[in-house]
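Examining the three-dimensional arrangement
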Amino acid sequence: MSDAEAVINEIEGYLLWEAEKERARTRADAFCAGLPWLTDTQRSEVERRYCQDQHHTTQAYLERIAARSASLRTEYDGAYQALRRRLITAYLSGTMAVAVLVALVAAGLTAR
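Let me begin by describing the structure that accompanies this report. (Residues numbered from 1 in each chain as written. Predicted model: local features only at pLDDT ≥ 70, side-chain atom pairs only at ≥ 80, totals over all residues. Heavy atoms only, no water.)

Notes on the packing of helix α1 (residues 3-33) against helix α2 (residues 40-111)
Two elements in contact, α1 and α2, have axes whose closest approach is 9 Å; the angle formed by their N-to-C orientations is 140°. One way to sum up the angle between α1 and α2 is to call them oblique. As for the relative orientation of α1 and α2, their crossing is right-handed in sense. Across the interface between the two elements, Trp 17, Glu 20, Lys 21, Ala 24, Arg 25, Arg 27, Ala 28, Asp 29, Phe 31, Cys 32 and Ala 33 from α1 touch Arg 43, Val 46, Glu 47, Tyr 50, Cys 51, Gln 54, His 55, Thr 58, Gln 59 and Leu 62 from α2. Residue composition of the contact of α1 with α2, by class: ten nonpolar, four polar and seven charged. (Axes fitted to C-alpha atoms, helices over the stretch in contact; angles between N-to-C directions. Helix = DSSP H or I, 4+ residues; strand = E, 2+ residues; numbered from the N terminus. Parallel < 35°, antiparallel > 145°, perpendicular 65-115°, else oblique. Left-handed = near helix turned anticlockwise from the far one by under 90°. Contact = heavy atoms within 4.5 Å. Nonpolar A, V, L, I, M, F, W, Y, C, P; charged D, E, K, R; others polar.)

Observations regarding a nonpolar patch on the surface
On the surface, Val 7, Ile 11, Tyr 14 and Leu 15 cluster together into a nonpolar patch covering about 410 Å² of accessible area. Tracing the sequence through the fold places Tyr 14 in helix α1. (Patch = residues over 30% accessible without salt bridge, like charges linked within 9 Å, V, L, I, M, F, W, Y side chains within 5 Å. Areas by Shrake-Rupley, 256 points an atom, 1.4 Å probe, with all protein chains shown as cover. Salt bridge = Lys/Arg side-chain N within 4 Å of Asp/Glu carboxyl O.)

If you want it as structure tokens, here you go:
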């Protein structure tokens, strides 16, 4: 991966994380709207804790996705390599069979 791609990935990750933080704040505000008896201090604390919990949940979720993606990449790379070896083996076997057949036909034609 080039430096430019790495920077773009980092910026994209930052923007996605900031968007998730904003969604958490919006959900926390909506949650607290259903609790009209909260004082301003209590409301602020509930919103803060809600956002904090949502951030931990999101981070754990993203870590699980990253681990699973790495696992799938390894699995698929292995399957790809196996398929590639089989294809090359089949191609070489076919090429050898055709070469032998051509040699036999050529030998049969020159023997006449």
